[in-house]
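Spelled out, the chains give:
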Number of protein chains: 2
Amino acid sequence: MRAFSERLAYLRESPTRKIDALRERLRREGRDVIVLSAGQPSIPPPVEVRRRLAELLQEESMELYGYTPSQGIYELREAVSEDLKRLGGLDVPPDQITITAGGQAAMFSTLATIIEPGDEVVLMDPTYFGYKPLVEYFGARIVRHRTYLENDYQPDVERLKEQITPKTKALILVSPDNPTGRLLSPEAAKALADLAVDHDIWLVTDEAYKTMIYEGEHVYLYKLAPEHVISINTFSKDPAIPGWRLGYVYGPKDAVSKIKLVNEEMVYCPPSFAQRMVAIYLKSDVRFRYIKEFVAAYRARRDIVIDALRRYVPDGRFKVPQGSMFVFVDLSKYIADGEAFAQKLLEEYSVALVPGSYFSDVYKAAVRISFVAERPERLVEGVRRIGEALAK
Amino acid sequence: MRAFSERLAYLRESPTRKIDALRERLRREGRDVIVLSAGQPSIPPPVEVRRRLAELLQEESMELYGYTPSQGIYELREAVSEDLKRLGGLDVPPDQITITAGGQAAMFSTLATIIEPGDEVVLMDPTYFGYKPLVEYFGARIVRHRTYLENDYQPDVERLKEQITPKTKALILVSPDNPTGRLLSPEAAKALADLAVDHDIWLVTDEAYKTMIYEGEHVYLYKLAPEHVISINTFSKDPAIPGWRLGYVYGPKDAVSKIKLVNEEMVYCPPSFAQRMVAIYLKSDVRFRYIKEFVAAYRARRDIVIDALRRYVPDGRFKVPQGSMFVFVDLSKYIADGEAFAQKLLEEYSVALVPGSYFSDVYKAAVRISFVAERPERLVEGVRRIGEALAK
């Protein structure tokens, strides 16, 4: 009998994809939509690196086109190892790194590796919407740990301890956070690491935004619990190649070698062209200049959005993001249903954003606003229209 | 408790990866290995296309770098739709096509979509080694259908009927075949299509080599049973970008939309740079000239290998491949264990090939020889050494 796997029921189209589809329809209707929904940088990769790639494309050889090892080319894994040392003082040798076809493949392969049906996995509330469907697809039950603006969206480790059971397999934590922009505090990080070791659970740390920091410092959980931390990373944000699909996982050697195997079965090897690109980038002088440039640009835009929110949405409650691309605004003084509001905002005011319900079971009156995907004047105009829509 | 998923036991490192690792060690020892193992073209993509890409890399925009729709950019799906029409007279609209991160992702996502634990899946014997671990990982039992050189490695549909049970979910067939190079005959194709419809099972057809044909014509099973055929395709062979990871699936709309969803969860979107490249290629005048050129080049190399086999390995039995990159040689007149022979050949004669046991439960005295990855004089020398090793 032709039929489809029942497990597919857990996989739903990404909510931002739904917004993209609606945006696309409005665009075809000639509407100019202000995009505050996209988690995609607007500053392209460094021109020096692009020029070097253009040269390589002229060479008459298969070298640029051939398969690479499943874990990625050694040159890139070495460059990542050195990068982690320079960024955070980490000591992660190349054989504890596997390159993946983007952060999504890093997430999929990591969860495929560690989850057994019947496990429990702790997710923050709010957290990045990409984890829920995967955790459920692999057969685990989700336990939500609510975090609060009043507590800077830090996990409450005493409360967390009560949520851990013998079935708990992993705790997933995004820092710098999507959607709240908070950095994990050193105290919370230490308590989380101890918790993971004491209960012998995996701490899956999503460090997608680790070089997008405007104030404060990123804490590398791996330094605190190297045997218990698996780290998910992406080159989508830095150096801004989301479509090229490249990321990596680092962690204990046995975990990484299994994650590599899953990636081999999923995609055989990560895209070679992107691997060459990022190896050139990470090893070049451009690396830290480029980070400095985009951080300055995105910090300025963050400040513009924060100012506009204070002006046009005075009763919105939010944390000023220390990192990432987003501000998460609680609009419960204005509305109850962020999803209905987001739909109205898009259809009537041509502004796209992501409702809080995509990240949370409780923050349904919140919305996530991206401050990286549009130019400053359009950011202000977008927030102004949010205020206008809320006033109605 | 930190632990790993038990299902991972079904995933084994690709056998050609093991050979690659050994080759790499020998290379470091300064040994010049003749590579008859690799299923990787040696003629790079058309220079016109590479030049156009190099130009695009100079543009100051995020367009080349951003996420694409999960199913791939419309321009590419349209180009694939037109290509299928020109190649085979197929009528497959863009919404029945989903672009994937290579043929491997096409395989993984298709099997994830159709297999339920407890299903049975019929594989030819011999067949491409990539299917077995995935079928088992997703929880199905493999039923082997042996094919014979005497019968041109065609499936025997009467015998197949006896192997179909109520649990049979799918039959997977590679044509042009890896490892035997046979094209499915029109009669066998018709009988297979009828079988799939009569028993309402999926016919998964792997068409990786559909433009690598030296004699005869490729039969598109989709034309015979459009509601029952899911087709796996890759751009790794044509236009020779195996490392860039791009492929596609076409089939019934409901199946393709579910396969798309799995790909979205696995990798979010296929690599955008490769998508742009192939869209340019498929729509360009270069397309059919390029196919003509590589087919002529690889046909000449095939003939060189066939001649060398007849001269140096006179008791080897094989089918002259009508397509693909390989000749599958039964060496049972010389040896019993192809795996031990392959190992000895690599270590003592510096020639890499793939033993038959990787493709088969029965053809253990066979080896697969690739005729595309080396220059003609090295192909002859490689076969000469095979003869020498067999003579000992």
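Everything quoted here is computed from the prediction, not taken from an experiment. Note that residues are indexed from 1 along each chain, following the sequence as it is written. Ligands are numbered from 1 and chains lettered from A, in the order in which they are written. Reporting in this predicted model follows two pLDDT cut-offs: at least 70 for local features of residues, and 80 or more for side-chain atom pairs to be given and counted; totals over whole chains, interfaces and linings ignore these cut-offs and use all residues. Derived side-chain values reflect all non-hydrogen atoms in the structure, with water molecules and hydrogen atoms excluded from consideration.

Engineer: It is not clear to me how the UniProt feature "domain: Aminotransferase class I/classII large" (unreviewed entry) in chain A should be interpreted in this structure. Could you clarify?
Structural biologist: The UniProt record marks residues 32–380 of chain A with the feature "domain: Aminotransferase class I/classII large" (unreviewed entry), using the residue numbering of this structure. Strands are runs of DSSP state E lasting at least 2 residues, helices are runs of H or I lasting at least 4, and numbering of each runs from the N terminus. Secondary structure within residues 32–380 of chain A divides into 40% helix and 16% strand; the distance between the first and last C-alpha atoms comes to 15 Å. UniProt positions are given in the numbering used here, feature names are shortened, and annotations may be inferred rather than shown by experiment.

Engineer: Help me understand the domain arrangement of chain A in this model?
Structural biologist: It is common to give the size of an interface as the accessible area lost on bringing the parts into contact. Residues and elements named next belong to chain A. Either an automatic procedure or a domain database provided the assignment from which the domain bounds are taken. When cut into domains, chain A gives domain 1 (6–45 + 288–391) and domain 2 (62–284). Spacing between the C-alpha centres of domain 1 and domain 2 amounts to 24 Å. For this analysis, residues touch if any pair of their heavy atoms sits within 4.5 Å. Each partner contributes to the interface: domain 1 provides 42 residues, whereas domain 2 provides 44 residues. Two parts placed together each lose some accessible area under a 1.4 Å probe, and the buried area is that loss summed for both. When domain 1 packs against domain 2, the two sides together hide about 3800 Å² of surface, and 60% of this comes from carbon and sulfur. Criterion for a salt bridge: a side-chain nitrogen of Lys or Arg within 4 Å of a carboxyl oxygen of Asp or Glu. Here domain 1 is connected to domain 2 by 4 salt bridges. A salt bridge links E215 to R302; the nearest nitrogen and oxygen atoms lie 2.7 Å apart. Looking at the side of domain 1 that touches domain 2, the elements that each hand over two or more residues are helix 1 (15–28), helix 11 (286–312), strand 9 (317–318) and strand 10 (326–330). Under this grouping Gly is polar, as are all residues other than the nonpolar Ala, Val, Leu, Ile, Met, Phe, Trp, Tyr, Cys and Pro and the charged Asp, Glu, Lys and Arg. Grouping the amino acids of the side of domain 1 that touches domain 2 by side-chain chemistry returns 26 nonpolar, 8 polar and 8 charged.

Engineer: When you look at the packing of helix 2 (residues 47–56) of chain A against helix 10 (residues 272–283) of chain A in this model, what are you seeing that I'm missing?
Structural biologist: Each pair of packed helices can be summarised by the angle the axes make with each other and by the distance between the axes. Residues and elements named next belong to chain A. Every axis in this analysis is a line fitted to C-alpha atoms, fitted for helices over the stretch in contact. Angles between the N-to-C directions lie between 0 and 180 degrees. In the contact formed by helix 2 and helix 10, the axes pass within 10 Å of each other and the chain directions differ by 135°. For the element pair helix 2 / helix 10, the angle class is oblique. Considering how the two elements wind past one another, helix 2 and helix 10 form a crossing that is right-handed. Across from V49, R52, L53 and L56 in helix 2, the residues of helix 10 making contact are F273, R276, M277, I280 and Y281. Should an angle lie under 35 degrees it is considered roughly parallel, over 145 roughly antiparallel, and from 65 to 115 roughly perpendicular; all remaining angles are considered oblique. Left-handed describes a crossing whose near helix is turned anticlockwise from the far helix by less than a right angle; the clockwise case is right-handed.

Engineer: How should I be thinking about the sheet that holds strand 3 (residues 120–125) of chain A in this particular structure?
Structural biologist: Backbone-to-backbone hydrogen bonds pair the strands of a sheet. The strands run either parallel or antiparallel. Residues and elements named next belong to chain A. Read across the open sheet, the 7 strands follow the order 2-8-7-6-5-3-4; overall the sheet is mixed. The outermost strands of the open sheet, each flanked by one partner alone, are strand 2 (97–100) and strand 4 (141–146). This sheet shows a mean twist of 20° between the axes of neighbouring strands, independent of strand direction. Two strands form a pair only when DSSP identifies at least two bridges running between them. The pairing of strand 3 with strand 5 (residues 168–174) spans 4 bridges and is parallel. Looking at the pairing, L123 lines up with I172 of strand 5. Across the sheet, helix 4 (residues 103–114) is in contact with strand 2, strand 5, strand 6 (202–206), strand 7 (229–234) and strand 8 (247–250); its angle to strand 7 comes to roughly 160°.

Engineer: In this structure, what is going on with the interface of chain B and chain A? I would like to understand it.
Structural biologist: Taken together, the contact between chain B and chain A spans 83 residues of the former and 83 residues of the latter. Interface area, chain B with chain A, both sides summed: about 7100 Å², of which 55% is carbon and sulfur. Counting across the interface, chain B meets chain A through 2 salt bridges. For R50 of chain A, the salt bridge identified is with E60 of chain B, shortest N-O distance 2.7 Å.

Engineer: Where do I start with the sheet that holds strand 13 (residues 366–370) of chain A in this structure?
Structural biologist: Here we have 4 strands laid out as an open sheet, ordered 9-10-13-12 (chain A), and antiparallel in their pairing. Both edges of this open sheet fall to strand 9 and strand 12 (354–355) of chain A, since each of them pairs with a single strand only.

Engineer: Quick question: what am I supposed to make of the state of the cysteines here?
Structural biologist: Two cysteines joined by a covalent bond between their sulfur atoms form a disulfide. When two cysteine sulfur atoms lie within 2.5 Å, the pair is treated as a disulfide. Tallied over the entire structure, the rule returns 0 disulfides over all chains. Looking at C269 of chain A, it has no disulfide partner, and the nearest cysteine sulfur is the one in C269 of chain B, 17 Å off. Only protein chains enter the accessibility calculation, which uses a 1.4 Å probe; a residue is then buried when its area is under 20% of its type maximum, exposed when over 50%, and partly exposed in between. The exposure class of C269 of chain A is buried, given its relative accessible area of 1%.

Engineer: Which parts of the structure should I look at to understand the pairing of strand 7 of chain A?
Structural biologist: On a regular strand, each side chain points to the face opposite its neighbour's, so the side chains alternate between the two faces of the sheet. Residue and element names in this part refer to chain A. Where burial is concerned, most of strand 7 is hidden: 6 out of the 6 residues are buried. A two-sided burial pattern is seen for strand 7, the buried positions comprising V229, S231 and N233 on one face and I230, I232 and T234 on the other. Across 4 bridges, the pairing between strand 6 and strand 7 is parallel. Bridge pairing links L203 to V229 in strand 7. Note that strand 7 and strand 8 share 4 bridges and pair antiparallel. Counted as the bridge partner of N233 is Y248 from strand 8.

Engineer: How should the environment of P93 of chain B be read in this particular structure?
Structural biologist: Here P93 of chain B shows up in the loop between helix 3 (74–88) and strand 2 (97–100). Along the sequence, P93 of chain B and G251 of chain B sit 158 residues apart, while their C-alpha atoms lie 9.9 Å from each other.

Engineer: Hey, could you run me through the relation of the copies chain B and chain A in this one?
Structural biologist: The pair of chain copies shares a relation made of a rotation about an axis and a shift along it. Least squares is used to superpose the copies, and the fit set is the C-alpha atoms of residues whose pLDDT is at least 70 in both copies. The two copies are related by a screw operation: chain B maps onto chain A through 180° of rotation and 0.0 Å of translation along the axis, at an RMSD of 0.0 Å. Put plainly, the chains are arranged around a two-fold axis. Minimal C-alpha separation from the rotation axis in chain B is found for A54 of chain B, amounting to 2.1 Å.

Engineer: What's the story with the side chain of E374 of chain A in this structure? I'm lost.
Structural biologist: Residues and elements named next belong to chain A. Mapped onto the fold, E374 is located in the loop between strand 13 and helix 13 (376–391). Residues adjacent in sequence count toward polar contacts only when both atoms are side-chain atoms; beyond that, a polar contact is any pair of N or O atoms within 3.5 Å, and within protein one must be able to donate a hydrogen and the other to accept it. A distance of 2.7 Å separates polar atoms of two side chains, one belonging to E374 and the other to R378. Apart from the residues within four sequence positions on either side, E374 is in contact with V33, I34, V35, R301 and L379.

Engineer: In this structure, what is going on with unusual backbone geometry? I would like to understand it.
Structural biologist: Glycine aside, a negative phi is what most residues show, and trans is what most peptide bonds show. Note that the residue after D125 of chain A, namely P126 of chain A, is joined by a cis bond; omega there is 5°. By secondary structure assignment, the location of P126 of chain A is in the loop between strand 3 and helix 5 (131–137). Unusually for a residue other than glycine, A240 of chain A sits at a positive phi of about 65°. The phi dihedral of S324 of chain B falls on the positive side, at around 70°, and the residue is not glycine. Relative to the assigned elements, S324 of chain B resides in the loop between strand 9 (317–318) and strand 10 (326–330).

Engineer: I would appreciate a short explanation of the packing of aromatic side chains in the present structure.
Structural biologist: What describes a pair of aromatic rings is the distance from one ring centre to the other and the angle between the planes of the rings. Stacked, tilted and edge-to-face pairs are distinguished by plane angle, under 30 degrees for stacked and over 60 for edge-to-face with tilted covering the rest, among Phe, Tyr and Trp rings (Trp via its six-membered ring) whose centres lie within 6.5 Å. Counted by the stated rule, this structure contains 48 aromatic pairs over all chains. Ring centres 5.4 Å apart and planes at 80° place the aromatic pair Y222 of chain A and Y250 of chain A in the edge-to-face group. With Y222 of chain A in helix 8 (residues 221–224) and Y250 of chain A in strand 8, the pair connects residues that are 28 residues apart, well separated along the chain. Taken individually, Y222 of chain A and Y250 of chain A each receive the classification buried, so the pair is uniform in this respect. Taking 5.0 Å as the distance between ring centres and 45° as the angle between the ring planes, the aromatic pair formed by Y128 of chain B and F129 of chain B counts as tilted. The ring of F288 of chain A carries R287 of chain A above its face, with NZ or CZ at 5.7 Å from the centroid. For a Lys NZ or an Arg CZ to count as sitting over a ring, it must be within 6 Å of the ring centre and within 35 degrees of the ring normal.

Engineer: In this structure, what is going on with helix 13 of chain A? I would like to understand it.
Structural biologist: Structural remark: α-helix, 3.6 residues per turn; residues separated by three or four positions point the same way. Residues and elements named next belong to chain A. Each residue after the first adds 1.5 Å to the expected span of a helix. In this model, helix 13 (16 residues) spans 23 Å end to end at C-alpha, consistent with the 22 Å of a helix rising 1.5 Å per residue. Within helix 13, burial applies to R378, L379, G382, V383, R385, I386, G387, A389 and L390. Turning to helix 13, the residues buried within the fold contact strand 1 (34–35), helix 11, helix 12 (338–349), strand 11 (351–352) and strand 13.

Engineer: Would you mind going over the pattern of salt bridges with me for this structure?
Structural biologist: This structure, assessed with the given rule, holds 63 salt bridges over all chains. For D119 of chain A, the salt bridge is made with K169 of chain A, and the minimal N-O distance between the two is 2.7 Å. In this pair, D119 of chain A is assigned in the loop between helix 4 and strand 3 and K169 of chain A in strand 5, connecting sequence segments 50 residues apart. Taking the shortest distance from any N to any O, the salt bridge between R25 of chain B and E29 of chain B comes out at 2.8 Å. Shared partners join several salt bridges into a network, and the residues in it are D83, R86, D238 and R287 of chain A.

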